[in-house]
Structure formats: structure tokens, C-alpha cells
Amino acid sequence: MKRIETEILVIGGGATGTGVAWDAALRGFKVVLIERRDLTHGTTGRYHGLLHSGGRYVVKDPQSAVECIHENRILRKTHAHCIEDTGGFFVVTPEDEGPYPDKFVEGCAATGVPCHEISIAAALRREPLLNPRISRVFEVPDGSSDSFLATHATAQAARQAGAQLLIYHELYSLIIEGAAENGTQRVLGARVHDAAKGHDVEIRAALTINATGAWAGQVTAMAGIRISVIPGKGTMVAMNHRALNTVVNRCKMPADGDIIVPVHTVAVIGTTDERVADPENLRIEPWEVNLMLEEGDKMVPGLSRARVVRAWAGVRPLYQEDYAGASRDATRKFALLDHRERHNVAGFITITGGKWTTFRLMAEKTVDMAAEHLGTRRPCTTASTSVPGTQQGAYWLGHRLHEIEENALQGELICECELVTRAMLENAARQNPTITLDDLRRDVRLGMGPCQGGFCTYRAVGIVHALGQAGVWQGDAGHQTHAAEEWDVAMMQSPAHNVAESSPQQGTADRAETCTPRLFNPNLLLRDFLQERWKGVLPILWGRQLKQERLDELIYLAVLNADHLPDAALTSPLSEFYRFDTTPNDKEVRA
Amino acid sequence: MNTNTSRGEADLLVIGAGLSGLMAAWQAARAGLRVHVIAKGAPSLHWTAGTVDVLGYMAAASATAVADPMNALSALPGYHPYSLLGAAQVRAALADFLALTEAAGLPYVQGDGNWLLPSAVGALRPTWLTPQAQAAGDARRTAPMLIVGFSGLRDFYPHLIAENLGKQGVPARAAMLPLELISTARDRNAIHLAHALDEPQRHQALGRALRQLVQPGERIGLPALLGLEDHGATWAALQSAAGAALFEIPMLPPSVPGTRLFQAIRRSLRDLGVRVDMGIEAIRSHTAAGRIEWVETATSARPMRLSAACYLLASGGVLGGGFDSDHTGRMREVVFDLPLTVPQRRSHWFRAEFMHPAGQPVFQGGVAVTAAMQPCHPDDPAQPLYANLWAAGGVLAGADPIQERSLEGIALTSGWAVAQALARR
Amino acid sequence: MSSFTTSWQSAGPSLDECIKCNICTVYCPVAAVTDKFHGPKYSGPQAQRFRENGQPQSPDHSVDYCSGCRVCNEVCPTGVRIAEINTRARAALAAQQGIPLRNRLLGRSDLLGKMGMIAPGLANFAMNNGLVRAVAEGVMGISKGAQMPRWSTQGTFAAWLKRSAARRLKSADKVVYFHGCSTMYYEPYVGQAAVAVFEHNGFEVLVPEQGCCGLPLLNNAEFAAAEGYHERNLDYLTPYAQQGYPIIGTSTSCTLTLKEEAPDMLDIHTPAAHDLALAVWDMFEWLRDLYQAGQLRTDFNALPLVLPYHPPCQYRAHHLGSPVMDILTLIPQLDVRESAARCCGGAGTYVYKKEKYQIAMDVGQELFDFVAEQGADVTVTACTSETCRWHIESATHIPCRHPIEVLAAAYGLYDLHARRLLKE
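Residues numbered from 1 in each chain as written. Chains lettered and ligands numbered in written order. Predicted model: local features only at pLDDT ≥ 70, side-chain atom pairs only at ≥ 80, totals over all residues. Heavy atoms only, no water.

So, the interface of chain B and chain A
Logical step 1: At the junction of the two partners, chain B supplies 68 residues and chain A supplies 69 residues.
Logical step 2: Buried area between chain B and chain A, summed over both chains or domains, comes out near 5900 Å², and the portion from carbon and sulfur atoms is 60%.
Logical step 3: Per-residue buried area on chain B facing chain A is highest for R154, F354 and M355 of chain B; these three make up 14% of the total on that side.
Logical step 4: Put simply, chain B and chain A have 6 salt bridges between them.
Logical step 5: With its nearest N and O atoms 2.6 Å apart, the salt bridge here joins D155 of chain B to R459 of chain A. (Contact = heavy atoms within 4.5 Å. Buried area = accessible area lost by both parts, 1.4 Å probe. Salt bridge = Lys/Arg side-chain N within 4 Å of Asp/Glu carboxyl O.)

Things to note about the domain arrangement of chain B
Residue and element names in this part refer to chain B.
Logical step 1: Domain parsing of chain B yields domain 1 (8-25 + 34-104 + 271-297 + 310-315 + 323-330 + 353-364 + 382-425) and domain 2 (119-256).
Logical step 2: Contacts between the two partners involve 19 residues from domain 1 and, on the opposite side, 13 residues from domain 2.
Logical step 3: Ranking the residues of domain 1 by area buried against domain 2 places A49, T51 and V52 at the top, with a combined share of 32%.
Logical step 4: Inspection of the domain 1/domain 2 interface yields 1 salt bridge.
Logical step 5: Between R125 and D53 there is a salt bridge, with the nearest N and O atoms lying 3.2 Å from each other. (Domains from an automatic or database assignment.)

Quick word on the packing of helix α13 (residues 456-469) of chain A against helix α5 (residues 158-167) of chain B
Logical step 1: Where α13 of chain A meets α5 of chain B, the axes come as close as 8 Å, and the angle between the chain directions of the two elements is 80°. Considered as vectors, α13 of chain A and α5 of chain B are oriented roughly perpendicular to each other. Across from V461, G462, H465 and Q469 of chain A in α13 of chain A, the residues of α5 of chain B making contact are H159, L160 and E163 of chain B.
Logical step 2: The residue inventory of the contact of α13 of chain A with α5 of chain B, partitioned by class, reads 2 nonpolar, 4 polar and 1 charged. (Axes fitted to C-alpha atoms, helices over the stretch in contact; angles between N-to-C directions. Helix = DSSP H or I, 4+ residues; strand = E, 2+ residues; numbered from the N terminus. Parallel < 35°, antiparallel > 145°, perpendicular 65-115°, else oblique. Nonpolar A, V, L, I, M, F, W, Y, C, P; charged D, E, K, R; others polar.)

Quick word on a nonpolar patch on the surface
Logical step 1: A contiguous nonpolar patch, built from L111, M115 and I118 of chain C and spanning about 320 Å² of accessible area, is present on the exposed surface.
Logical step 2: Looking at where I118 of chain C falls in the secondary structure, it is placed in helix α6 (residues 109-118). (Patch = residues over 30% accessible without salt bridge, like charges linked within 9 Å, V, L, I, M, F, W, Y side chains within 5 Å. Areas by Shrake-Rupley, 256 points an atom, 1.4 Å probe, with all protein chains shown as cover.)

Structure representation (C-alpha cells):
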């Protein structure tokens, strides 16, 4: 078995785990991070994209509010290119009358969340589609963020500081020595399975940090520790265009469907909150979609008639020591658990709960504890360290279009909806190698627009296949073939920074030999990505998106006959995950 | 005056300019009827491969391609449009289509059974009639293939095609040529490239490049962009310059072969004096005493009324815009509000897999028709709902034409049958 | 200004209809001839998702090359109002970059008309003088090749109405005539032919005070000014609409603007705007309706002519089929041949811009070829849009007439070649 020795092993490649790896590496620790799929494949990649001002929590959870506004200010500097300064409104709709707005104002004052009441007329000038029947509007410094890009940029910063990040490495057991009875139990690392290479790896670490969010209880259970992490499933829908350019929140106690977040080209309405038994359960019920649209209508009348592009669900990790009740009421504060102190298990820390906005703070506190475990004190520097890519400046919606116009890249578009050029895709595949097109989607937003992969899936397969033939892309998650300095993900989303690369050489007429590393099969890539896109459109197929789907069928069945390609039996580690459970549920009547 | 009327002189108002509507219009006009075609926009022909798929797969055994649809028709269920039409009408309609395309200068050819033509991903498409320029790609022949692509053309990957052909036992290799042989324009739209190849002065250089690549005995597969208006001449000139058989492989929409077919039929209709008005969207109808009185279309200010003796609904299903649906799971036929045979609940419309071999249930639904292609009366399916209304093509219930690869076949034959029925009246 | 780039009510959300099929790009006449424009889908529903209110800068400049011809709208199978999305995007671009003096001038056809009428002979001389035009191109970017309209040397249409007031028909059946700037200042004979046709059919013609419809301003990104123009027309004309008079125009772009473009582009969805839109008719739309009702006089003289007729883009955008063909084909011995060309290329003020002149000529080639194919004995062509007529005339060197002039000629009221009423 392959062995790796390190000081700190981080389990989980979401925002928190990646943040921990970054922080620890900056403090000079030797760090290895494992993620069983792609970075952000879990909750980080499935949220609505809000950069909290803290306003949401000023009444219910003031400590979270204080943390949010603190981190909000930091991330705007350290991750500038991942954040759009949309600003946010808290609006009082006719259904939200009552004492809450006044409590909200008091709460903002008490927690230091900047808040200004503005006139309805001023709000409507800025957002003409807002419900004109709102009675009060408060402006707060909310923003929207690209959690894929931010995590990738953090990951690159971590690599540059010496961390090793292993994706598609799934934990299957913790290495434990000693006995629980006499208090000598200790976690010495983990055994993981490299899904891409198909072999196992043993990682020995002085300290293991469990940063697996909603899955944290499953990991601690491997050390015999029971903790209560409630998976709270949140369903979101993305509209085909932004409709708003400001985050709009309902000014009331947090509830289902109380926010619209403009992020990139879409507006996300979020969320529901359903307690689920299994964090892998991401099934979306029709009533959840309908509820989001109805609630969205209260903030932007008519929004439910606009085109929905997609629906998805994420699972919040909600930690509670002694939990009972509906999951919305569980605290959003994060939980940092020292298992040596609590459970007599040394070498093991769990960090869970919290929210994307506070990931850096959570990482800071976690690494503070880790340093103590390792017997040193080294100061945290993440709050004043910008990740790579920040030099591009703050995000603005038009940047891709503008860069394409300035560099005359119109003929290079592969994903026409989201303006992904050929070089962006090729460089993402080369410089951040992953194993499915879904991974490339997270890198460059491939297939995330209205046609949901209808045109670009075929093109991306053709391009990646050519890279494979040229020996550039191996479909092996890249952790072996790519040295840290070859990773370059900070500029992944910028057309202007991806113009120089030339296409791989594949010109010779007699070169058509089959190229088949274990996971590299173009027909499987195609099938997996179409199925992955299908999973997210199925819950919202009606009207215009149904028409689009039918065109996509025309393309892949009638024109390409892709349902009769060779290698039909091949599957990838994610093929099963991409299936959608269509079994009707009794909750459907709630629609 | 809040509405506006157009001359109601037509014997037949065709709603929709897809293959079913155009075929009906052509056949009816040939029989001496005065026909007017209206369409919301350009039809789905611009998206398809340009072939005539009659029946490629049977829902029950969709792993294997149908070898000869004419032998398979009898195995289809009784509610399938082909079963309603009968094999004799299917054959006659297809024969008339061959005559139409021959006369229009865009000849289609029939093989012995379904052709098996390489797709742009290297799968083999079973199809009944093919434009001449695709026929040499038939994978049932053993000659090796050279698939040639163009660098920078985003909708064609020859190495991928060749690799997949090889996996299916079709000897194939791939090569790339510079796109500049066709055009130096920055825009790489297939239609613009095809238009550029209409210029005879570009044929020599491309032909020479192909001749240098090809080995004796090989046939050459190229992306379907060998000319638009002068396609026949372009194809012939390139073939002669290359010194090998050339065949086109259709690409993603917008489709060059489909656009050629649309334009050829539209020219034929123009010659017959049939108006095809684009940008005219039928939005509702008025009925009285079991008849359609008029159809209203959207105009820049007030609705316009169009009336005719007979009406053909050829507006396509979900894709053509003939049906609309909302998040409550209600699906409706837009113009006549005809009853539709789709599952009641939206959650029953789909299966877990995108490419499920039996297709998605929602697309089996549509307008149920009588044997004479008239929308059925809900109380008595043998009787027409309206005396002067017919339906054809994508709106028809009883088949998922994309899943079973019968899109063009059902469209052509049902449109043709309506025209025949009207001509007999 | 930037608030016009997003609207829930009309053109804005139609971007949601796009299924990315690129049929619009197939038929776009501009993208077919130049690399500077990347097609309607690219600039329209696709780019629109990357534009926002109050954006730091307008992200795309290539949308400026959209000619606004609306062929995309006509072929779009899903109903995206692409041309309108592009018009709004051009307005946002202009708000950022400023509007050049040239475009401000070209946008004000009423002002140009009035200026030229001070001394029409001199103005015509200047506008057709190579030196003056070379200077205009160099200094202002007005293409020297484009055919400038000729100011009327017989006075304005209003002056003619005044002169002939005593001869005008009085009748219980009344229509309101919307003449537009071109009839007012450049081609009063089109209005004279229209009045003659109305009166021949027994209608008294009312010509109330009216202003420019504002289309040239909309096309040149001056939304605020266009709004003023439209509001004024609402004041002038809505009372007539509310009394039930049809308001009929011979300039097909003016009627389209009053019906649809101005309310939609400017987000003026008041009851008055609705009333006016419902009352406005394009000349041949109204004539066809009259014919349909059995009330159009068909006492036509034979007109033994081959007449190539181009249905301009603006006219097709009314979504009426082809009322001009429906009526002109009633005229004995008139062989009307309808062109299938997508656009003449002129596209209003597009052709007058130096950087777009060649594009406009290349776009129009399809139509010019069609006219040439109809034979050497063609002496006149027809088109319902004035700017198209000027462009077609300049490219084909064959006179181009409004179909109403053809109809008036068929009634024996009008000399089609000399462009004058026979009885006045």
C-alpha cells in the first residue's frame, strides 16, 4: 500500500477543509487534504452563493451576525475576484408586518452590521422588479460569491504554501491505536481509496482534522464517537436570468424561501430546510420547487413565471449537543470539537456547522487548536493573505463577455450560454485535472446556462478526448502527474487569461489509436455529464425548460444517436450519484 | 375595430412550417387546393440531421436498430400514427417525398433497409432516406473511412468519431485540416462555412488537401457543410477534386442539411403559389357548431383573424411550441386547446435516466387522432372533434418520434395523408 | 437610462424563451456579411444574461453593429424579441460612451427635415455634392456613398394640404392620417397618393397635429428624447383613437413604432398608449381589412407593369402576412413579384454611418440581385419603407415607389413616374 506521512491530515475538500489546509500550510505545517470526490462536491458546491452581511442572524443568533460581518469584510479582500458586491436588501412584504423589523434594526446596531433604511422609491429605482407593495427596505452589505472558484483559489494558495490536496480519495477507515477504555486511544491517520487509480493509500498524521460537514458524524463514528450533526436539506432553484442585481431577503425570522441571491448569470431562490436522515439524500420534491417559486413571487412578483434553469439541494451541517426539534432552529454557529478532551481520543479534531461566509474564521480557530495539539503556537495569517486571482479585482457580471469582446474570442465559445472558451476548458482540464465533465463544470461553469449542456457536452467531450489523445489529460484526478506548480486555477474563469494556450497537437492522419486509461472514456464522460445535468433539470421541467430539454434530446438521440454508443456498460465513481430518484412522494400533495 | 382579418380564401390553412406542414401544403397544392402556411418561426428542420428517419428503434427492443422499417410497421401498437395511417400510405408518402426532392434539385435516396450512417460522435444512425451526400457513409459497406475535420470547428471531432467507429468494427481513421481552407472569418457557424463553400474558387484547395490525405479505397467523411445554395455542385466538385467518395456527417444545430431541405421545399411551394408566412403565431381559435371558424394570430397591435375551409394543426409538440406547460403540471395545446394524452402529474412525466431506452413518458403524449388524422372527440374517439380540423407531425399522440427515430417519417406521412384526404373531398 | 436594459414587462424577459438553436444566426443578414457582428443570439438573449442595471461598464460593443432589421425575430421559433433586446443594449452602450453628434442628427428626422426645407434646392445640392459629402464623412462619419433623401422642392405635405383644403372630401366616414417625417419633408406625393386613395373610397382625411414617431431616436439610442416624442404623439392622437377613428400611416416603420416599439422599448404601458396602439393601422393592413369587409373600391385600371416589390423588415415585423400583396394582386395586368430577400441593408439610419455603409451594401445584394433578375424592362420597384426606398433606388438606379402610389395610379388618380396627382 502506498504510504504518506504528514503532520496534519484534513478530511474533506469543502470550503472549511480547504481553508484549514490553507491556514495550516501558511503556518508552516505539513498538510495533506483528502476529498472523496472533487473539491466543493458536497455542501460548498450546493449553496445559494450568499456572502452574508450577518443581517440574517442579528435577531436570532447575534454571535453569528458578528462573525459574518467580520468575515464579510475580510473575504472581500482576500478573495476579491470570487465576490460580487451586490449589496443586500431586507424587505418587509405585506406578509411580514409585525415587530420583527424594529427588532432587526436594533439587532443590526447591537452586532455592528451596517444597516440603512432607504425609501421604497429608491429601492424600486435600483431594483424595478421588486414588489412595489413592500413597506420598508433596509440596505445591508450582503454580496454573492462563487464558492467553486473561491475554494479552488484557496486550494491553490494552500498548494503554493506546500499543502498536498488529494481529490477522489475516499476515507474508508481511521487508523486508531490504543483502547478507549483506558483513555489511550489515538487517531494516527486514515486509510483511503484512490478512486481514480483504483488503489488504497495509507496516510499517517500527527493530527487528523475532520472537516466533513454534514458527514462529520459518519467520520467520528469510525473512531467510535457519537456526535449529533443533523443534515438539513435545503432546496434551491436557479432562474435563467438575474431579475435582480441586489440580494433580497425577507425581513422576518428565517424561513423557507426567504432569499433571492443574484450570482453569476442566475438568480437563486433559497431555500427549504428539511431534516433528512442521510446527507447523500438530495432528492428534490415537487412541493419544494413550487414553494420556492411562490415565495419568490412575494419579493419579485411574476418571478414564478420566469424560466427556471435548474434545481438542486445541499445539506447543511447543523450541530447540536442535545438536539430536538425542527432543523431550522438548530444553531448556525460552528462547532469545533476537541475529541481528546471530550472523548479521550487524541490526535483528532472535528470542525463542523457554520456557513460559507465564516469558513476562514472556522479554519483559523481549528488550526489554532491543531497547533496547540502539536505543541506549538504560530499566528494565523489568512486574514491578511490574498489568494491567487485576487489581482483580477472584484467580480462583475459582464467580465466574461467584456473579455471575449476585447480579445475577439467569439468564435472560440464552447459553452455559449456561460461564455466558456475552448482555451478555458482546455486549461482547466490540464491545470486542474479531474475525472468527470461535472468537475470541469465547477471549474469554468461549463453547461450551467439555459441549455444545461445541450450543446457544450458534445463539444467538451470532443475537446477532452483530443487532450487525452495528446497525452495531456489522463482522467486520473491528476494528483500524481501534476506537481504543485503546475496547478493554476486562479484565472480559470477569465477568458482573457486563457487565450495563449494552443490546441494540443493531434494533426497526423494516422493517429486514431484507442486511448483508454481506466476512467478515460469519452462515451462515459458524455453519458455521465448528460445524466448529471438531467438530475438537476428533471424537477423543473415544464414550459421553456421542457422545450429546451426536448431540443437536447433531439441533439443527443436523433442527431448524435448517443444512446447507442459503444462502452455502454462502463460506469464512473459518480454514475450512480447522477441518477435521480423519481419515485413519487406523498408530500407531493403539498403542492 | 379591434381585430383585423386577412383574406379568407384558402382551402387549407396550415399552422406550422415543419416537415408535416410543408409536405401537406405541397401535396394539397399539387392537388389544386389553395393553401396558406403560417409559422411562428423557422421550423425544427433547421435542427435535424436532414435525413428521413422512419423507424430506427422499436421501444420494446431499442438496443438494436430496426433493419427495415417497412417490415417493422406491423409490429407497432394500434394507436401508433403509422398504424393509423397504414403501410400503403406510408410507402406512397415517402415515394412522393423522393419525387419532391428530386424535382427540387436536392435528391434523397432510399437503400435496401435502413442506412447506418455515422453521427458526429461516431454512433451509427439508422435512417430510411438520406440526402445523396450522406449515402456513402453507410456503415454496412466495408470500405474504410477517413474522417476529416477542421481545426477550430467546435461541432466536429474526427478522432472521436473514428475511435467510436473502430469500436463498432468500422475501419476508420481521422485527420484534421485547417479551417482556413474554407473561410478565414472569425465566426465558425456551420451555415456560414457552408455558404462560403458555395464559392467555386474554394473547391480546388480543399479538394487537393483531401486528395493528399486519402488512401486508395477509402471514403471520406466530412462535416455537413459542403455548400448551401449550390450544395450539389459543391459536393460533386469536391468529390472529383479529392478523387474519392465524400459523405457528409450532420452536426449540432443549426443543421446545414436540414436548412437545405427546408429551403428546397419552400422554393417548391413558392413555385406552386403557396405562401409560407414566417413570424405569424397562431394563438387561439374560434369554433362554432363543431367547426373551426377562424384562427387568431398575434400581430403588432391587435389579433389577426385567419379563416379557411380546412385547418391543419402542424405546430409540433413540446419542441415546436405546439404545446405549453407550467409548473403545476398542466400541459395544453396552444391553438385549439385540444385534449392531450399526457400523464396527469408532472412527476410521472419523466424517468430517472436521461437516455432511458423507453424514452420519457411525457413525450408519448399528444393529440389523439382518428384514422383520418382528425383530432378525436373526447366522448367518441372514432369521431372528429371538429369537422374541418386535422393534425399531423409532432403534435400526434402515440409515439415518441425522437426516441424511436421516426420524426421525419411520421411528419411526412401524416402531413401527406391529410392532404390526400382533403384532395379527395 | 440604464433602467431600460431590464424590464419584466416586455422585451426583456423574452430572453427566457431562447433555446440556443441559432436559427437567428443562420438568417441574420448582417452576421452573414461581416465579422463585426456575431449574430443575434450572441448579442441578444445570450449577452443579455451578462448585462445588469447600473453595470460598471457596458460589457459588449459588437451589439452596435446590429442593424435592427428584426429578421431574427421573424425566424425565431420560440418568440425571443432579439432585436428589441439589442436596441436596449445599444442604448446602454450609448449611455456609457455618449452619442456622437452624427447619430444625434440622424436620430432627428423631423429636425433634419425642417432644416432642409429652409432652402430645399440648396440642401439637395449640398447633400449630393461629392465635396460636401467627403467632408461630412471625414468630419462626422456620415457615409458619402449613401443616398440622402431629397427635400421636397414643392413644399411640405402640410403646405399642400393647406393649399388644397377646399378640394378635400368631407364625409361622415373619417380616418386620421399619420404621415411621418418622410412624407412631410421629402416625399409629400406619398401622402397625396394616400389622401387620394382614402377619398376615392369615400373617407374624409383628418390630419391632426403630430410629431415624429421617435424610431430614429430609438435606433440611435436616445431613449429619453424618444420618450418625449412619443408622449407628445400620445397627447395629439389619443383623443382621436378614443373617438374611434383609425389612425393610418403610410410609413410602415412609424406605424410599427406607434403600435409596439415605442411602448415596449420605453416601457410606456399606460391606457392611453394602449388605446393609441390599438387604433393605429398600417396603410395596407387597413386597406386589406376594408377589402375583406367588401368596402374597397376595385375599379382599377389595368397597370401593365412588372413590379419587383420588397416587403421591408419593419413591415414584416407587423406580423400581418402580406397585405400589400393581397391588395396589389387585385390590380389587372400588374405583375407584382415579391422579393424573398431578408433585408435591403439600409436599415433606417444604419447605411448613413461610415463604418456600416459597406455592410449595408453587402446585406442588400440579395435584393439588388433579385431586382436585376426581373429583367431589363423593369422601370419601377416598390417598398413601403422610405429609407429602404432611398437605399434601393441608389443601389439599383431604378425608381422605387410606395405601394400606395401604385394603388393610386391603378385608380387613375396618380402619375406613378412623375409622382403627382392627375387631378390637381
